[in-house]
Amino acid sequence: MSFTWPLDPQDLFVERYPQMTLGLPADEVDAVRAAVTEMWPDRPGSWVYEWSALATRHAEAGRHRLAAQAYGWAKFPSLADEPKRTALARQVEQYALAAPDFPVEFERRTLTLPYRSGEATLPIHLVAAPGLPADAPVVLASGGVDSWKTDLHGMWEQLALALPVRLLLFDIVGTGETAHLPMTPDGGAEVIAGLVSFARTIGNGKVGHFGISMGGYYSARTGLTGTVDASVVLGGPVERSFAQGRGFAFGMDGIVGNALGFDAMPSTAEREEAFAAFDLRPLLDQDANGPMLVVNGTEDVHVPLEDTLVFEGRRGTRVELIPDTGHCAISRFDEAMAVIAPWLKDTLIG
């Protein structure tokens with residue numbers, strides 16, 4: 001199930017420009033920005049058309065990594081229609097072509113995991129520094145509702161090269177290559193529990209979980225329940241984000257509605273009913289958490305500051321706020337990584 005909704009594409013450039021230019025040359029992003037005048041139709045001047053045209057030029061020149069990045073923006077922000085799903089398929093193709101030139105070891109696998117009294121199948125990526133021993137710890141890692149495992153490859157490379165761990169990359173339910181499973185708190189947690197069990201069999205048994213944005217919601221769950229040996233929550237919504245009366249910015253209402261499995265824009269009442277189940281207050285009231293690191297920017301327009309500050313004073317928990325940056329500290333990401341990577345190494349390796 002999916003739907004399109006009224007969305008000014010220029011608003012997306014306003015918010016996501018720093019993220020876009022992490023993986024693509026600024027002049028190319030600027031050219032697409034100047035060309036795009038509408039969001040959903042697949043024709044000259046539309047978001048998917050202009051980003052796909054850039055991707056095609058890179059693909060034809062053999063620049064497969066850049067092509068994958070551009071197709072990643074073509075399918076952004078949601079798999080709401082067929083052109084977006086086509087762009088995702090082309091992104092995966094170009095990413096696979098780029099993989100032999102990655103400076104890290106890379107393996108793509110398909111796993112079948114327990115899910116709602118049955119099974120669910122999803123692709124994962126395993127990434128590690130060259131020559132990493134087989135008995136290294138494993139860290140699960142994911143993005144959120146609109147930035148997925150393939151989109152964030154540069155970040156994963158940086159982390160893999162900085163840490164003696166193997167990264168297990170996946171898309172949270174309702175998104176990316178796991179969009180066939182609607183985003184629910186328990187369903188998502190069940191899939192992640194299966195990934196944790198698998199991860200304990202392919203390394204030395206130690207497992208961490210690094211979640212970004214909505215992925216941070218799920219890493220907060222694994223951290224608060226002590227399911228993993230180390231949990232990093234970067235810009236994760238946990239409580240106030242799901243309160244009644246919360247609004248959305250930059251098209252996030254439609255992005256979230258698609259991830260939740262609606263086939264039309266949900267009403268405020270429908271969205272609030274779905275969101276109520278995500279509230280982590282019952283887990284926050286317990287004292288079962290493992291080691292946790294909670295990080296975000298002070299100027300986040302999506303996740304209230306309270307969802308980071310609520311972790312202050314918890315046992316085994318470190319909270320870091322990065323000033324003068326927004327959601328997931330994306331414009332000062334090197335500073336966030338300078339906190340996250342050493343913490344994960346100290347916690348999982350010692």
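Residues numbered from 1 in each chain as written. Predicted model: local features only at pLDDT ≥ 70, side-chain atom pairs only at ≥ 80, totals over all residues. Heavy atoms only, no water.

Here we come to the overall build of the protein. If you tally the helices and strands in the protein, you get 13 helices and 8 strands. The C-alpha atoms of the protein give 19 Å as radius of gyration, which agrees with the globular expectation for 350 residues (20 Å, within 12%). Long-range pairs, those at least 24 residues apart, make up 70% of the contacts in the protein between residues at least 6 apart in sequence. Entry remark: accessible area of the protein is about 13500 Å², with carbon and sulfur atoms responsible for 51%. When the 27 basic and 45 acidic side-chain charges of the protein are each reduced to a single mean position, those positions are 3 Å apart. (Helix = DSSP H or I, 4+ residues; strand = E, 2+ residues; numbered from the N terminus. Rg over C-alpha atoms; globule rule 2.2 N^0.38 Å. Contact = heavy atoms within 4.5 Å. Areas by Shrake-Rupley, 256 points an atom, 1.4 Å probe, with all protein chains shown as cover. Lys, Arg positive; Asp, Glu negative; His and termini not counted. Charge placed at Lys NZ, Arg CZ, Asp CG, Glu CD.)

The next subject is the pattern of salt bridges. Going through the model one piece at a time under the given rule, you end up with 18 salt bridges. Between R43 and E38 there is a salt bridge, with its nearest N and O atoms 2.7 Å apart. Note on R43: relative accessible area 44%, which makes it partly exposed. Across the pair R281 and D285 runs a salt bridge, and its minimum N-O distance is 2.7 Å. Using a relative accessible area of 28% as the deciding quantity, one classes R281 as partly exposed. Here the salt bridges do not stand alone but share partners, grouping R108, K149, D171 and E177 into one network. (Salt bridge = Lys/Arg side-chain N within 4 Å of Asp/Glu carboxyl O. Buried < 20%, exposed > 50% of the residue type's maximum accessible area, 1.4 Å probe, protein only.)

Our focus in this paragraph is the sheet that holds strand β8 (residues 317-322). Reading across the sheet, the 8 strands line up as β1-β2-β4-β3-β5-β6-β7-β8 and stay open at both edges, with mixed pairing between neighbours. Only two strands of the sheet have a single partner each, and these edge strands are β1 (105-115) and β8. Averaged over neighbouring strand pairs, the angle between their axes works out to 20 degrees when direction is ignored. (Pairing = 2+ DSSP bridges. Axes fitted to C-alpha atoms, helices over the stretch in contact; angles between N-to-C directions.)

Within the secondary structure, H125 sits in strand β2 (residues 118-128). Remark: the alpha-carbon pair of H125 and D171, spanning 46 residues in sequence, is separated by 9.9 Å. When sequence neighbours within four positions are dropped, the list of residues in contact with H125 reads Y95, F106, E107, R108, K149, T150, L167, L168 and L169. In terms of polar contacts, H125 uses its side chain to reach the side chain of R108, at 2.9 Å. (Polar contact = N/O pair within 3.5 Å; in protein donor to acceptor, adjacent residues only side chain to side chain.)

Our focus in this paragraph is the nonpolar core. Counting 69 residues, the largest nonpolar core has W47, W51, L168 and M183 as the members making the most contacts within it. Ranked by residue count, the leading element in this core is helix α7 (residues 185-202), at 6 residues. Excluding its chain neighbours within four sequence positions, the residues that come into contact with L168 are I124, H125, L126, V138, V139, L140, A141, L195, F198 and A199. Membership of the second largest hydrophobic core comes to 37 residues, among which are V139, L152, M337 and L344. (Core = buried A, V, L, I, M, F, W, Y, C linked by side-chain atoms within 4.5 Å.)

Looking at the element boundaries, P6 is found in the segment before α1 (9-23). Sequence-wise, P6 and M265 are 259 residues apart; in three dimensions their C-alpha atoms are separated by 9.9 Å.

Turning our attention to the pairing of strand β3 (residues 138-142). With respect to burial, β3 is a largely interior element, 5 of its 5 residues being buried. The alternating pattern of β3 places V138, L140 and S142 and V139 and A141 on opposite faces, both of which are buried. Of the strand pairs in this sheet, β3 and strand β4 (residues 166-169) are connected by 4 bridges, and their pairing is parallel. By the bridge assignment for β4, V138 is matched with R166. For the crossover that starts at β3, traverses helix α6 (residues 153-162) and ends in the parallel β4, the hand is right-handed. As defined by bridge partners, β3 adjoins strand β5 (residues 207-212) across 5 bridges and the pair is classed as parallel. Looking at β5, one finds that V138 is bridged to V207. (Right-handed = clockwise from strand over helix to strand, strands pointing away.)

Outside of glycine, negative phi angles account for most residues, and trans bonds account for most peptide bonds. Of note, the bond from F76 into P77 is cis; its omega dihedral lies within 30 degrees of zero at 5 degrees. Note on placement: P77 falls in the loop between α4 (64-74) and α5 (82-98). We note that R116 has phi near 50 degrees; this positive angle belongs to a residue other than glycine. With respect to the helices and strands, the residue R116 is situated in the loop between β1 and β2. Residue class for R116 comes out partly exposed when judged on its relative accessible area of 49%. Within the chain, D324 stands out as a residue other than glycine whose phi angle is a positive 60 degrees. Looking at where D324 falls in the secondary structure, it is placed in the loop between β8 and α13 (333-348).

Here the focus is the packing of aromatic side chains. Scanning the entire structure with this criterion turns up 18 aromatic pairs. When the centroid spacing of 4.9 Å and the interplanar angle of 50 degrees are considered together, the rings of F13 and W47 count as tilted. Of this pair, F13 sits in helix α1 while W47 sits in helix α3 (residues 47-60), and the two are 34 residues apart along the sequence. Judged by centre distance (4.9 Å) and plane angle (80 degrees), the rings of Y217 and Y218 are edge-to-face. Note on Y217: relative accessible area 0%, which makes it buried. Judged by relative accessible area, which is 1%, Y218 ranks as buried. Site record: aromatic cluster; members linked through ring pairs are F13, W47, W51, W73 and F76. Above the plane of the ring of W148 lies K75, whose end atom (NZ or CZ) is 3.9 Å from the centre. (Phe/Tyr/Trp six-rings, centres within 6.5 Å; stacked < 30°, edge-to-face > 60°. Lys NZ or Arg CZ within 6 Å of the ring centre and 35° of its normal.)

Distances and angles like these do not, on their own, reveal function.
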